[in-house]
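Structure assessment
Each chain, written out:
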Amino acid sequence: MTAADFVPAGATMDKLRKASLACTGCELYKGTTQTVFSKGPVGARLVFVGEQPGDIEDRRGEPFVGPAGKLLDKAVAEVGIDPAVIYTTNAVKHFKFRSAGEGKRRIHQTPDASDVSACRPWLVAEFELLSPDVVVALGATAGRALFGPSFRVTQSRGVLMPWPASAHDSAAFAHDGDDGDRESAFAMATLHPSAILRADDRDVAYAGFVADLEVAAAVLSG
Ligand code: SF4
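Scope of this entry: the structure provided in the associated data block. A quick note: this is a predicted structure, and the numbers were derived from the prediction, not measured.

All right, on to the overall build of the protein chain then. Across its full length, the protein chain carries nine helices and eight strands. A compact globule built from 222 residues should have a C-alpha radius of gyration of about 17 Å, and the protein chain, at 17 Å, falls within 12% of that. If one aligns the C-alpha atoms of the protein chain with their principal axes, the spans along those axes are about 50 × 45 × 30 Å. Put simply, 74% of the contacts in the protein chain that link residues at least 6 apart link residues at least 24 apart.

Turning our attention to the site of the ligand. Contacts to the ligand come from 14 residues, most closely from Cys23, Gly25, Cys26, His94 and Cys119. When its residues are assigned to classes, the shell around the ligand shows eight nonpolar, five polar and one charged.

Positionally, Asp5 belongs in the segment before helix 1 (13-20). Placed 23 residues apart in sequence, Asp5 and Leu28 show a C-alpha to C-alpha distance of 15 Å.

Glancing now at unusual backbone geometry. Here the amide bond leading from Trp163 into Pro164 is cis, since omega sits at -5°, within 30 degrees of zero. Along the chain, Pro164 falls in the loop between strand 7 (161-163) and helix 7 (167-172). One non-glycine residue, Phe64, lies in the positive phi region at around 55°. Here Phe64 lies in the loop between helix 2 (55-60) and helix 3 (67-78).

We now examine the packing of helix 1 against helix 4 (residues 113-129). Where helix 1 meets helix 4, the closest approach of the two axes is 10 Å, and the angle between their N-to-C directions is 170°. Classified by the angle between their axes, helix 1 and helix 4 sit roughly antiparallel to one another. Between helix 1 and helix 4 lies a crossing of left-handed hand. Only Trp122, Ala125, Glu126 and Leu129 of helix 4 make contact with helix 1, whose side of the interface consists of Met13, Leu16 and Ser20. Looking at the contact of helix 1 with helix 4, its residues break down into five nonpolar, one polar and one charged.

In terms of residue burial, strand 8 (residues 185-190) counts as a mostly covered element, since five of its six residues are buried. Summarising the sheet, strand 6 (residues 134-138) and strand 8 pair through five bridges and their orientation is parallel. Directly across from Val134, in strand 8, lies its bridge partner Phe186. The pairing of strand 7 with strand 8 spans three bridges and is antiparallel. Bridge assignment links Trp163 to a residue of strand 8, and that residue is Ala185.

Attention now moves to the sheet that holds strand 3 (residues 86-90). Across the sheet, six strands lie side by side as 1-3-2-6-8-7; this open sheet has mixed pairing. A single partner strand is all that each edge strand has here, and the edge strands are strand 1 (38-39) and strand 7. Taken together, the five bridges between strand 2 (residues 46-50) and strand 3 define a ladder with parallel strand orientation. Of the residues in strand 3, the one forming a bridge with Leu46 is Ile86.

Each pair of packed helices can be summarised by the angle the axes make with each other and by the distance between the axes. Interhelical geometry of helix 3 versus helix 9 (residues 202-221) gives an angle of 55° and a closest axis separation of 9 Å. Comparing their axes, helix 9 and helix 3 come out oblique. Judged by the sense of rotation from one axis to the other, the crossing of helix 3 with helix 9 is right-handed. Contacts from Ala75, Val76 and Glu78 in helix 3 reach Phe209, Val210 and Leu213 in helix 9. Here the contact of helix 3 with helix 9 is built from residues that sort into five nonpolar, no polar and one charged.

Let us now look at the pairing of strand 5 (residues 105-108). Remember that side chains alternate between the two faces of the sheet whenever the strand is regular. Where strand 4 (residues 97-100) lies against strand 5, four bridges are found, and the strand directions are antiparallel. In the sheet register, Arg98 faces strand 5, and the bridge partner there is Ile107.

Cut-offs used in this document
- Counting restarts for each chain, with residues numbered from 1 along the sequence as it is written.
- Note on the predicted model: pLDDT of at least 70 is required for a residue's local features to be given, and 80 or more for side-chain atom pairs to be given and counted; whole-chain, interface and lining totals, by contrast, use all residues.
- Labels follow the DSSP assignment, with helices taken as runs of H or I lasting at least four residues and strands as runs of E lasting at least two, numbered in each case from the N terminus.
- Radius of gyration: C-alpha atoms only; globule rule: 2.2 Å multiplied by the number of residues to the exponent 0.38.
- It is the C-beta atoms, placed from the backbone, that decide contacts: two residues are in contact if theirs lie within 7 Å.
- Here is the check we use: build the C-beta atom from the backbone, and if it is within 6 Å of the molecule or strand, call the residue near.
- Each residue receives one of three labels: charged for Asp, Glu, Lys and Arg, nonpolar for Ala, Val, Leu, Ile, Met, Phe, Trp, Tyr, Cys and Pro, and polar for the others, Gly being one of them.
- Fitted lines through C-alpha atoms give the axes, limited to the stretch in contact for helices. The angle between two N-to-C directions lies from 0 to 180 degrees.
- Should an angle lie under 35 degrees it is considered roughly parallel, over 145 roughly antiparallel, and from 65 to 115 roughly perpendicular; all remaining angles are considered oblique.
- The crossing is said to be left-handed when, going from far helix to near helix, the turn is anticlockwise and less than a right angle, and right-handed when the turn is clockwise.
- Using C-beta atoms placed from the backbone, we call a residue buried if 20 or more other C-beta atoms fall within 10 Å of its own, exposed if 12 or fewer do, and partly exposed for counts in between.
- For two strands to pair, DSSP has to find at least two bridges joining them.

Structure below.
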């Protein structure tokens with residue numbers, strides 16, 4: 001089973017969000033607090049796609065509200081992007097974790113290809129409603145979800161690509177709406193902010209992250 005059985009056809013973003021709360025399209029909903037869908041306006045000019053919600057996001061029901069989200073907010077402010085033009089979502093909408101220790105602390109587990117594939121219908125449905133100028137994949141999982149399984153974020157970070165990224169993605173991430181006078185859209189990838197927090201040299205990693213986001217900021221101001 002996948003999320004496809006739960007995605008209502010022709011739904012607005014609010015209806016998608018509500019419908020996602022009942023999704024049992026894979027095993028990941030088990031033991032979580034809730035589906036964590038997205039935040040931001042449908043008319044956003046910049047879309048961030050992350051990996052999956054973490055422990056804090058699972059409890060709050062909102063993506064990127066933990067330490068990684070705070071670091072992302074800081075970098076966004078530093079490159080001068082208005083938060084009001086950003087839509088933020090994840091490739092996988094439930095927190096994948098394993099329990100450890102007597103307190104049953106929840107330890108993040110990276111979603112695998114089958115998790116991303118099961119949840120993909122939500123992401124595709126979101127992009128049918130969105131019409132961004134630039135899409136930014138945050139980390140390897142998001143990069144593979146958007147650009148295919150051979151995508152390597154470490155090799156291609158900070159590089160602008162056309163969006164949708166390929167003929168294959170054009171079919172998956174088609175947008176039916178009126179794009180007005182928009183000429184073209186772009187996509188790119190950078191590291192996930194949680195990787196910056198884990199880096200041995202956090203200052204260097206953060207500087208690289210900001211440099212990547214400056215590429216997206218230039219698209220918005222161009
Ligand atoms: S991870 Fe995605 S497909 Fe799996 S249950 Fe959650 S919303 Fe549904």
